[in-house]
Every structure is written in structure tokens, then in C-alpha cells.
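# Structure assessment
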Amino acid sequence: MSDDKSTITSLPRSNTTNMTSLEQWAKHKKVLGIAAILALCLINFLELQSSLEPSATSSSDNNNEGGGERRSLLTPPPQPQSIDANLDALANTVNELEEMVTADLSDRDSGMSSPSRPQLVDNAAVIVDEHNHPLSDHLISINDNPRRSNASLFWHIPKSGGTTAKSLYRCMGKTLTIRLGIDPRFNHHESDELVVFQPWENEDWKTVNVDTTLAGGIVRAGEMGLVTSGKVDDLMIFTMDPNTAVKHLFDEQHKGRMLALFRNPVERVVSKFYYLQHASWEPGYNPSWVDLPLLEYAKLPSEDDNFMVRKLVGKKYWENVDVKDLQAAKELVTNSVVVGIMSEAEESFKRFNVALGMDEKVERNRACMRDFFGDVDESKNSNEHQKVKPDTPEWNLLAEKNKFDMALYAHVERLFEEQHEIIYSYGKTPLADNAPRAEATAVQRDVAVSAPANVQPAKFWWVADRQDPESFKSHLADVGAPFGNRSTETPFFWHVPKAGGTAIQNLYWCMGMTLANEVGGNRRFDVVRHMLVEFQPWKDRGNMAKVINVDVTTHNGIINAKNLGFLAHDNQPKTDFLSTSQFHYATMMLYSVNHKARMFALFRHPVQRAVSKFHYLSKATWEPTYDEHWASMTLEEWAASDWGESNWMVHQLVGKDSKTPVDMEDLEAAKEILRTKFVVGLMDKFDESVSRFNRLLGVDESDPKNQQCIEDFTSTDKAGAGTDAKKKNLSNRNIHEEAEEGSPAWISLTSVNFLDVMLYQFIEHQFEEQRVLFD
């Protein structure tokens, strides 16, 4: 999880861990039986007492307020029912409620309602606040257009994408209420006044000195006037206790817009079960579950049973939920919640953006959405685990235990379809509060739903409003600026796949440098994760390579590094350079105008690179992108298919996902980025490229150790007159046949990578032009 980890309260283990589900049921049944006996005794006592009271007048005997016949002293009271009879009646009532749930689900699934039984909505409980007002009175109706002044409330259902939501809206620059707001490091946690502050100097999102995750912090935030004071603009409240949050933070004059991302309850519980086996930083961490079969876990009592219904109606984990609670939860969600479902995450967040007034035409917002939901198939805070299939014993048992949540989720799935037209109709009418529409910058985040017709959004992600100090291009150091000021910049090696990037990393590891790449984030290395540290992953093998304990090669890893303050503070381990293919995302998230990226990269002819990648991924079964179909294809067949990349470098440089076409204008933009921001190297001129990189990185080439590394990883030709015949630099190489220039495969690959080929020709020219920087 991110720095604002979700707290999951655990059941007391002293009783539950050593007690079987049968013993638990027996215990609860005994308690219920005793309670029922005491209740019946009290009722009979009160009835007997009331029968002994004398009537005031004869008229009251016949016209009492209750309308029933009052007994005289001479009339013996009716015999009370036996205890067994009352318990049987109680059991029958429970059974009837269960039958009503089953029938309700069956009818809902078939699109019918049964005329032979009462409709649940007529008997539904209404969720109310402390003044007995319906809770929906504190929330904006789903049918109402967004207002700029409305605060939003995001219900973070554990293991349902809530951490992704926090990361996304931090990326967009919202003001969030998360646990970080009361972190003692910022010295605002004891203040009785609201403080809106920027927790990290080089990150332009804000938080407030409150914690709205659970009840205690919510009440404190309400007393401080988080919403009602109107002091916090662009506010997005995250909570795991929606009932308490709606009651204490909002009122009828200060209504909130509520959003929630839902997940199938069985999948959510299974995910949490596996997550808490390893999440040692979580309060609910339980390593004993590692050896516990899922079926046995499913038999245990759990605070997560019917979690969603329970939280919406405000019941504690030890309180039972019933059909009326289910219906009340349905009513609240139907009337007041913009719903998303985790299986449709991108569409869900698009709707959330509309409801929040986050204009995706604004470049920053568009870039964030592309980075989270582009062609990268990964989820933030994900934990890999075995899946449970429907109709298995585990699934059926968990579904039965969570039958009210399952019913609510089925309702939410229907709502998700029904809300489509409603949500997208918001953008067709102006926002309220008489706020004029205007194109917003990344800093001015109080945006309209859509831009005015006469304002054209920027075509490329790096083109930002000139008033925006956080525009993408300003995160990159100019290529002609002096090298070496590590207080204001950190070198960034853009790792173009199959272009010698692994060799570059090995070379500088040999020299003793500390890198940030994918290695430091690998969980097989036993190293702390809550703070930034440098460590030697292969020290036991005699390899002294050093890394930072982050993974900057995936979006999830970059978010984690950002949350740890990577490159944002002086008091952290020195990083000699960062290496990743994530050019756009890493530069946007990890660098800033005050601490820039010093870019350098090694390039290879696009056709040669494509051929190398084809041969490599046709046999590299250990790679996530391995494709077994390629193993049976010839190079010509693969080159003629549409399975390969198309203009990868241009796409990456201009920030377009692989599904979006690029054109000549994109090519010119990519050239400009390389011309002004990159020190370029060529794989077929490896020695000279390394020499330039050494200057950029401040390598002392007279040092004997560095000389040996350079000799080992570059040319064996000491006279410098021969070819670059490497010794070690192609440590990730794969021997394969090459495509001959002019062959059908070469022609096909040139055609699909035409813009990249033209860009490479420009890079070759730039390599010559940049010689003056190093001579």
C-alpha cells in the first residue's frame, strides 16, 4: 500500500483462533437462548403487573388507548407461550427473512417482483443521522449536476482499488484527506485549526491535518469544520467509514458528492486473506494464515462478513445485518453514490472525473489517466494470489457468509449500467455556482467539466500552459547546461529495450555506482521497505553492485518510490542514476522544476532492435512479455504480422500510448525533445558513447578500477582502429539471425517503424553534433 495504509481492525484472536465455527455457533446460540429467556420473563412480568393495575373508570375499560379489551382481576390472564415456542417463532422469523433475501435476489435477477410477498422497500429501514434526518439529505443526489463548491467523499472499500484512487487524484493535484495529514513529521497533527499543506516540497498536491479514515478521526475533522468551514478548496475526502463520515462531516447546507469503487465480495475477501499473510506493516497482518487453506479460513467468523452493507448502515462488526439493512444500503447507493466497479476500472474513473469536474482535456489530468490506464496492464497495490472460481466449495461458502453484500454488489452492477447516461449528462450543462468556464492549467485545478469550444487542448503531454511551472519539459535539464550539479539534478538513463541498456547498467555497477532500476524493488531481497535505503543485492556472491530499494520500471513501483520521497529530499541515499523505460511517467512523477532529470540514452537501429526483441521474446519464458506464438513463427511471418511494436520511440517520447497513431508532427516533437534534452549514444559506437556518458556522470577514467571496467565492457581494440568487439557489455544478449537490409523482413519492419527509422537517422546526426559538447 501507499503511505496512507488502510487499517483493518482484527477480531480478538484469543477466542477465535482456537475455536471452530461449530463451537462459535453453539456459543452464539446459547447466548441468544439466554437472552430470549430473560426477555420473555421481563415481558410476562410486565404483562402481569399491568393486569393488576385497577382501571380508573368503567369507560376506560372499554375504550382504552390501545383499542384492546382490558382484563378485570377476576379474569385470569392468558397463559404465556412456552420458551420453546418463542424460540421457534424467532427461528421462523429468521428463516422467513432469509427466504425473502433469496426470493428478492431471484426476482431481481429475472427482472420480476413477486406479487405474493410484501415488497422490501415498504419495510426498509432508512439510514438517519443523529438528528433522525435521512443520511441522503447530507449527500448530493445522483441526478444533480456537480458544483465547484462541493466536497467529494470517496469510500475506500479495502482491496477494491482505493489505493489506486488516492494515487490517481494525487497525480491530478487534488487536496486529499489521508493518514499522512496527521504524520508527526509535519508538525500539524496536534493543531486545533485546519492546516492545508503540501507534504513534499517538490510535489504539487496537498493534504489536510486530519485523518478521515476511521470514526475517531472523522469526528475530530467534523468538529474542526473540515467541510462546513469552507476553508479547504478542491477537497477529496477518503474514508473507510462512510456512515460516520456522512453524518459528521456534511449537513443539509454542506452536501457532499459520494463515490465508491466496488468489487465482487468473494474476490475482495479472498484478496484480503492472501494480502494479510504477507503485509507485515498492516495491523491485521496474520502470518499464520500462510499455512491455512482458504476453505478453512472461509469457515472462520470474520469482521468482513457483509462488510459493505454493515458499513453503509453504520453497524459494528459484532452486530447482525438483515434484509432491512440491505434495502437501506441499496436505497442510499441508488440515490446518492456514483458507483464504479473494479472490473471496469478505467470507465469507472472516467465517470468519477466527470462527477468531480476533472476535465480530461486538461493535459495534466489526461496524462494521469493515460499513465494509470494506458497500455500498462497492472494495478496499484496489487498482490498476486490464486483465484477462486465460482461454484467451488470456497466460493460458495464465502458467498453464503456474505449474501447481503453479494446482493448489494449485484445491485451495484445494474446501477453501473443505469448511471452511464446520467453521469455523462453532467457535462452537457454548465457547472453551478456561476463559475465561468475556462481552460485550466495543472496548477489551477478548479476545472469545468468541458473546455470552451474556442480553446484547443494541447496535443502533446509536454505542451503545458506557460503559467504552469510544473510543465513536463521543465522537469528535464537542458542538454547544453553544465553537468554535475547533483543538488539540482539526477541523471536519468532512458532504457530503450534491446539497445544495450543492460550493458550500461552492468558497466557502472562495476565502477561502484548506485542505481535505481527494477532490482531494488524485488521482494526476494530482505530489505526494509518503509524508508529509502541503499543495499547490495548480490553481496553474498561477491558482486558489490548497489541499488536503491525501489522499482522505477513500473507505474506501481514509481508511485511507491514517490511516496517514499525518492529524489524529493536531501537526506536520502545518493543515487548515481535512474534507469527505466518509463520515460514519461518517471520524469513526471519523480522529478520537478527544482530537481531535474539529466537525460541520456543508448540507441539502436529500430529494425535491428525489433528483430532482436522478436528472437528474445520467442524463447525468454521468464519474461512477462514472452509470447509462445512467436516461437513457431519465422522472422518474415512475424514482420508481416501486426503483433510487433510500431514506432515505439516516437510514442514514448511524445507520451502517446501504443494504440494511438503517431504522425509527422509527433516525429518533429520527438526530435525536439532529443535535440534539447538528451545526450545520445549509439550502440554501434559503444566506446565513444560510454566515454560521453562517463563525462556526464563524472567518472574518473584515470582511476585503475574504472579503467578495468571500461576495458572489460568496451572494445578490445586498444588502438581504437577496429570494431567495437565487446567482452562483457552484451550480458543480456541473444544470438540470432539478423535481417538483411533490403530483405522482405527488413522492408516490412521499416514500414511499420517508419517514424522511428527517421528518428534514428536524426539521432545519428545528433551524435555527431554533440561531439562539440565533449571535445
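One can find the structure itself at the top, above this paragraph.
This section reports on the structure supplied with the text. (Residues numbered from 1 in each chain as written. Predicted model: local features only at pLDDT ≥ 70, side-chain atom pairs only at ≥ 80, totals over all residues. Heavy atoms only, no water.)

## Description of the pairing of strand S14 (residues 678-682)
A large share of S14 lies buried, amounting to 5 of its 5 residues. Bridge analysis of strand S13 (residues 596-603) against S14 gives 5 bridges, and the strand direction is parallel. Counted as the bridge partner of Leu602 is Gly681 from S14. (Buried < 20%, exposed > 50% of the residue type's maximum accessible area, 1.4 Å probe, protein only. Helix = DSSP H or I, 4+ residues; strand = E, 2+ residues; numbered from the N terminus. Pairing = 2+ DSSP bridges.)

## As for the state of the cysteines
Using the criterion set out here, one finds 2 disulfides in the structure. With its sulfur 2.0 Å from that of its partner, Cys171 forms a disulfide with Cys368. Between Cys171 and Cys368, the S-S torsion sits near -85°, and that sign places the bridge as left-handed. Within this pair, whereas Cys171 is found in helix H5 (residues 162-171), its partner Cys368 is found in helix H13 (residues 363-373), the two being separated by 197 residues in sequence. Residues Cys171 and Cys368 agree in their burial class; the two are buried. Shown here is the disulfide that connects Cys510 with Cys709, its sulfur atoms set 1.9 Å apart. Where Cys510 bonds to Cys709 through sulfur, the torsion about that S-S bond is close to -80°, and the disulfide is left-handed. (Disulfide = S-S within 2.5 Å.)

## Brief notes about the environment of Ala367
Position of Ala367 among the secondary structure elements: in helix H13. Since its relative accessible area comes to 3%, Ala367 is described here as buried.

## Re helix H25 (residues 744-752)
Within H25 the residues assigned to the buried category are Ala745, Trp746 and Leu749. The buried side chains of H25 occupy one side of the element, clustering within an arc of 100° when seen end-on. Turned more than 90 degrees away from the buried face of H25 sit Pro744, Ile747 and Ser751, all of them exposed. (Arc of directions from axis to C-beta.)

## A look at the nonpolar core
Residues Tyr169, Trp494, Phe566, Leu590, Phe603, Phe678 and Leu759 are the most contacted members of the largest nonpolar core, which totals 80 residues. If we skip the residues at most four places from it in the chain, Tyr169 touches Lys174, Leu176, Met236, Phe349, Phe352, Asn353, Leu356 and Met358. (Core = buried A, V, L, I, M, F, W, Y, C linked by side-chain atoms within 4.5 Å. Contact = heavy atoms within 4.5 Å.)

## Describing the side chain of His475
One can find His475 in the loop between helix H15 (403-425) and strand S8 (489-494). A relative accessible area of 1% means that His475 is categorised as buried. Among the polar contacts listed, one links the side chain of His475 to the backbone oxygen of Tyr591, at a separation of 3.1 Å. (Polar contact = N/O pair within 3.5 Å; in protein donor to acceptor, adjacent residues only side chain to side chain.)

## Some details on the pattern of salt bridges
Under the counting rule described, the total for this entry stands at 26 salt bridges. A salt bridge links Lys174 to Asp234; the nearest nitrogen and oxygen atoms lie 2.9 Å apart. Residue Lys174 is located in the loop between H5 and strand S2 (175-177), and its partner Asp234 is located in the loop between helix H6 (215-223) and strand S5 (235-239); the two are separated by 60 residues in the primary sequence. For Lys174, a relative accessible area of 3% translates into the label buried. Glu768 is the salt-bridge partner of Lys685, the closest N and O atoms lying 3.2 Å from each other. One end of the pair, Lys685, is in the loop between S14 and helix H23 (686-697); the other, Glu768, is in helix H26 (residues 754-769), and 83 residues separate them in sequence. A residue is classified by how much of its surface remains accessible, and Lys685, at 33% relative accessible area, is partly exposed. (Salt bridge = Lys/Arg side-chain N within 4 Å of Asp/Glu carboxyl O.)

## Some words on the packing of aromatic side chains
In the structure shown here, the tally under the stated rule is 31 aromatic pairs. Consider the rings of Phe349 and Phe352, whose centres lie 5.4 Å apart with planes at 80°: the pair is edge-to-face. With Phe349 and Phe352 both in helix H12 (residues 345-356), this residue pair falls 3 residues apart, about one helical turn. Accessibility classification places Phe349 together with Phe352 in one group, the buried group. A centroid spacing of 6.4 Å and a plane angle of 75° characterise the contact between Phe493 and Phe577, whose relative ring orientation is edge-to-face. (Phe/Tyr/Trp six-rings, centres within 6.5 Å; stacked < 30°, edge-to-face > 60°.)

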